[in-house]
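# Commentary on secondary and tertiary structure
Each chain, written out:
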Amino acid sequence: MSDPLAEFLARAASHLSPDPPGPDDPTSNPRGDHSLDPDGSAVIPPPPHRRAAVLVPVVFRRDGLRLVLTQRAANLRDHSGQVALPGGKIDPADPGPADAALREAHEEIGLAPESVRLLGYLDPYLSGTGFLVTPVIGVVPSDAAFTPNPTEVADVFEVPLPVLMNRERYVLQARVWQGRTRRYYALTFEDRLIWGVTAGILNNLRERLYPETGPHPAG
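Note on numbering: residues in each chain are counted from 1, in written sequence order. Where totals are concerned, whole chains, interfaces and linings use all residues; where local detail is concerned, this predicted model gives features only for residues with pLDDT of at least 70, and gives and counts side-chain atom pairs only at 80 or more. Just so you know, side-chain values use all the structure's heavy atoms and leave hydrogens and water out.

### Thoughts on the overall build of the protein chain
- A count of helices and strands for the protein chain gives four helices and twelve strands.
- Three exposure classes are used, based on accessible area relative to the maximum for each residue type with a 1.4 Å probe and protein chains only: buried under 20%, partly exposed in between, and exposed over 50%. Expressed as a percentage of the 219 residues in the protein chain, the buried residues total 49%.
- Intrachain contacts of the protein chain at a sequence separation of at least 6 include 67% that bridge at least 24 residues.
- Per-residue and other accessible areas follow the Shrake-Rupley method at a 1.4 Å probe size, with only the shown protein chains counted as cover for residues. Of the roughly 10,800 Å² of accessible surface on the protein chain, 52% is carried by carbon and sulfur atoms. For the purposes of this entry, the term helix denotes a DSSP run of H or I that reaches at least four residues, the term strand denotes a run of E that reaches at least two, and both are numbered from the N terminus. We call two residues contacting when some pair of their heavy atoms lies within 4.5 Å.

Structure representation (structure tokens):
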């Protein structure tokens, strides 16, 4: 029987970026929901972009690899009630994106920064609101327990990694936002809807580590 954690670590070592992306480049065209526009008419938020970072926490449980997600509190001003990855704005005091992601994960779900084994970075993701989000991949101890901060997080839940790494689960959807048609990926798990930036980042993880069609072999 294959070792799903060992396989995940091997794929991460081969396909994740070891260093965080550099500062904004005005000539670049970062990944984002605008990349899904078939005719190229999507409006890309111009730089300077507000920088943010999220942690993509993977934990090995008895039944296999799982990815930790949050349900944002209903009283938040931005993206209330949505499924998200732990993270937020990069503060001036943060040495880099990984430090910001770990700090936010500690504030939001009580995850000790020193307990996370950082593996690398995905492509930065530009949101429609002008945030350039750096996703940081990390492995969390198998005995990890999470305590949501009720002012920011309504719930913490885990999704089996094979569910999120299955290309067939990602559905391209569209809705009108601020007078324009916005296209984005969405997928469901039980009664949860995962969409927008979060789904885009998770799909990028799938593209990097498990590009093959259908569920990957790690159980």
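### Some remarks on helix α2 (residues 97-109)
- Expected span of a helix: the number of residues minus one, times 1.5 Å. In a regular helix each residue adds 1.5 Å, so 13 residues correspond to 18 Å; α2 covers 18 Å between its end C-alpha atoms and thus fits that length.
- Within the sequence span of α2, burial applies to Pro97, Ala98, Ala100, Ala101, Leu102, Glu104, Ala105, Glu108 and Ile109.
- Glycine 110 lies just past α2 and shows a positive phi near 70 degrees.

### Thoughts on the side chain of asparagine 166
- Structurally, the position occupied by asparagine 166 is in the loop between α3 (161-164) and β10 (171-177).
- Asparagine 166 gets classed as buried once you look at its relative accessible area, which sits at 12%.
- There is a polar contact of 3.0 Å between the side chain of asparagine 166 and the backbone nitrogen of glutamate 168. In protein, a polar contact means a hydrogen-donor-capable atom and an acceptor-capable atom, both N or O and within 3.5 Å, with residues adjacent in sequence counting only if both atoms are side-chain atoms; elsewhere, any N or O pair within 3.5 Å suffices.

### Comments concerning the environment of arginine 50
- Tracing the chain through its elements places arginine 50 in strand β2 (residues 50-61).
- Among the residues examined, arginine 50 registers a relative accessible area of 44% and is labelled partly exposed.
- The spacing of arginine 50 and lysine 89 is 39 residues in sequence and 7.6 Å in space, taken between C-alpha atoms.
- The contacts of arginine 50, once residues within four sequence positions are left out, are Thr129, Gly130, Phe131 and Leu132.

### Brief notes about helix α4 (residues 196-209)
- Helix length check: α4 (14 residues) gives 20 Å between terminal C-alpha atoms against 20 Å at 1.5 Å per residue, within 8%.
- Buried within α4 are the following residues: Gly196, Thr198, Ala199, Gly200, Ile201, Leu202, Asn203, Asn204, Leu205, Arg206, Arg208 and Leu209.

### A word on the side chain of serine 127
- Within the secondary structure, serine 127 sits in the loop between β7 (125-126) and β8 (131-140).
- At 2.9 Å, the side chain of serine 127 forms a polar contact with the side chain of threonine 129.
- Serine 127 has contacts with Pro45 and Val197, leaving out every residue within four places of it along the chain.

### A closer look at the pairing of strand β11 (residues 180-189)
- Being paired, for any two strands, means DSSP has found at least two bridges between them. The pairing of β11 with strand β12 (residues 192-195) spans four bridges and is antiparallel. From the neighbouring strand, phenylalanine 189 faces β12, where its bridge partner is arginine 192.
- Taking the residues that link successive antiparallel strands as the turn, the β11-β12 hairpin has two residues, and the phi of glutamate 190 there is positive, at about 55 degrees.

### A few points about the nonpolar core
- As used in this record, nonpolar core signifies buried Ala, Val, Leu, Ile, Met, Phe, Trp, Tyr and Cys residues forming a set joined through side-chain atoms within 4.5 Å. Among the nonpolar cores identified, the biggest contains 36 residues, and Phe8, Leu67 and Leu164 are the most heavily contacted of them.
- Where this core is concerned, the elements lending two or more residues are α1 (4-15), β2, β3 (64-72), β8, β9 (153-160), α3, β11 and α4.
- Considering every element that reaches this core, the biggest residue donor is α4, with five residues.
- Non-local contacts of phenylalanine 8, meaning those with residues more than four positions away in its chain, are made with Val58, Leu65, Leu119, Ile137, Val139, Leu161, Leu209 and Tyr210.
- Core analysis: the next-biggest nonpolar cluster, separate from the first, contains 19 residues, Val68, Leu102, Tyr121 and Val136 among them.

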